[in-house]
Amino acid sequence: MPINENKYNELLNYFLSKKVQLVAVSKTKPNEDIQALYDLGQRDFGENYVQELVDKFETLPKEIKWHFIGHLQRNKVKYIASFVHLIHGVDSYKLLEEINKQAKKNNKIIHCLLQIHIAQEETKFGLDENELMEIANKISANEFSNVLIDGLMGMASFTDDLEKVRTEFRFLKKLFDNLNQHSIPNSPFTILSMGMSSDYKIAIDEGSNMVRIGSLLFGERNYSN
Ligand SMILES: *Cc1c(COP(=O)(O)O)cnc(C)c1O
């Protein structure tokens, strides 16, 4: 599908006016589509699958900032550590340990977001409130040398009940603000990644400063090809 330039500019202006950063979610989309958006000036792209991300990294412009937004398995961190810009889905201490190890090997710092489970669906990954506090304490005590916790990420329930979605985002913002106060040492903690094509307006209302938008930019995904 060709990129809709007007739609992109309209969204971008809206996000700029709200001081929100756009991550264009390009999973399952071909390189031509990514290149087209790149040519309009987009630099931040999000992918969910490690192999797909590696292939795209190798063939597309090196100026792209690649966000890993999917569920990351520990044994796959090594494939993306050398180039990934931000890992959104950190949901365990063990995963963070592995990211730190691979970052060290690559002599770099890897920026991460902790993923919080805010939706009702069982299928969505992430930490609950207690696990978040636990991991924050552990990180504070151990002070990883090669990872930085830039903030939190979450996905709301997939539902038409917009009040429910709003409540979930509000809850995540509250956790974000609370943790901000008892900060993890040396971590910037400035990014709150929430909002997708169907709920970005609510997410921004509720305090998001980074949205992950796929189908609104690239069209619906077709997983069968
Ligand atoms: C696919 C995906 C998105 C984008 O979804 P759209 O509804 O196409 O905007 C955002 N975040 C995550 C974690 C995703 O997996």
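Now for a quick tour of the structure. Model, not experiment: these values are computed from the prediction.

**Some details on the pairing of strand S4 (residues 86-90)**
Along S4, five of the five residues are buried, which leaves the element largely enclosed by surrounding structure. The pairing of S4 with strand S5 (residues 110-117) spans three bridges and is classified as parallel. Following the sheet pairing, Val90 is matched in S5 by Leu114. With helix H5 (residues 93-105) bridging S4 and the parallel S5, this β-α-β connection has right-handed handedness.

**What about the pattern of salt bridges?**
One pass over the structure, following the stated rule, counts ten salt bridges. The salt bridge involving Glu47 is made with Lys56; its shortest N-O contact spans 2.9 Å. A salt bridge links Glu206 to Arg166, with the nearest nitrogen and oxygen atoms 2.7 Å apart. Placement of Glu206 in the loop between helix H8 (200-205) and strand S8 (210-213) and of Arg166 in helix H7 (residues 162-181) is noted, with a sequence separation of 40 residues between them. In this structure, Glu206 and Arg166 share a single accessibility class: buried.

**Observations concerning the site of the ligand**
As a structural note, the neighbourhood of the ligand is formed by 13 residues, with Lys27, Ser197, Gly214, Ser215 and Arg221 the closest of them. Here Lys27 contributes a side-chain N or O atom positioned 2.7 Å from an oxygen atom of the ligand. Within the backbone of Ser215, an N or O atom sits 2.8 Å from an oxygen atom of the ligand. Contributions of two or more residues to the shell around the ligand are made by strand S6 (147-155) and S8. When grouped by side-chain class, the residues that make up the shell around the ligand number six nonpolar, four polar and three charged.

**Side note on helix H1 (residues 5-17)**
The end-to-end C-alpha distance of H1, which contains 13 residues, comes to 18 Å, matching closely the 18 Å that a straight helix rising 1.5 Å per residue would cover. Of the positions making up H1, those classed as buried are Tyr8, Leu11 and Phe15. On an axial view of H1, the arc spanned by its buried residues comes to 70°, and they lie on one face. Exposed residues on H1 whose side chains face more than 90 degrees from its buried face are Asn6, Glu10, Asn13, Leu16 and Ser17. Those residues of H1 hidden inside the fold are in contact with strand S1 (21-25), helix H2 (31-39), H8, S8 and helix H9 (215-218). Backbone nitrogen of Asn6 and a side-chain oxygen of the N-cap are separated by 3.1 Å at the start of H1; the cap is Asn4. Following H1 by one or two positions, Lys19 has its phi on the positive side, about 55°.

Definitions and limits used
Residues numbered from 1 in each chain as written. Predicted model: local features only at pLDDT ≥ 70, side-chain atom pairs only at ≥ 80, totals over all residues. Heavy atoms only, no water. Buried < 20%, exposed > 50% of the residue type's maximum accessible area, 1.4 Å probe, protein only. Helix = DSSP H or I, 4+ residues; strand = E, 2+ residues; numbered from the N terminus. Pairing = 2+ DSSP bridges. Right-handed = clockwise from strand over helix to strand, strands pointing away. Salt bridge = Lys/Arg side-chain N within 4 Å of Asp/Glu carboxyl O. Near = heavy atom within 4 Å. Polar contact = N/O pair within 3.5 Å; in protein donor to acceptor, adjacent residues only side chain to side chain. Nonpolar A, V, L, I, M, F, W, Y, C, P; charged D, E, K, R; others polar. Expected span 1.5 Å × (residues − 1). Arc of directions from axis to C-beta. Contact = heavy atoms within 4.5 Å.

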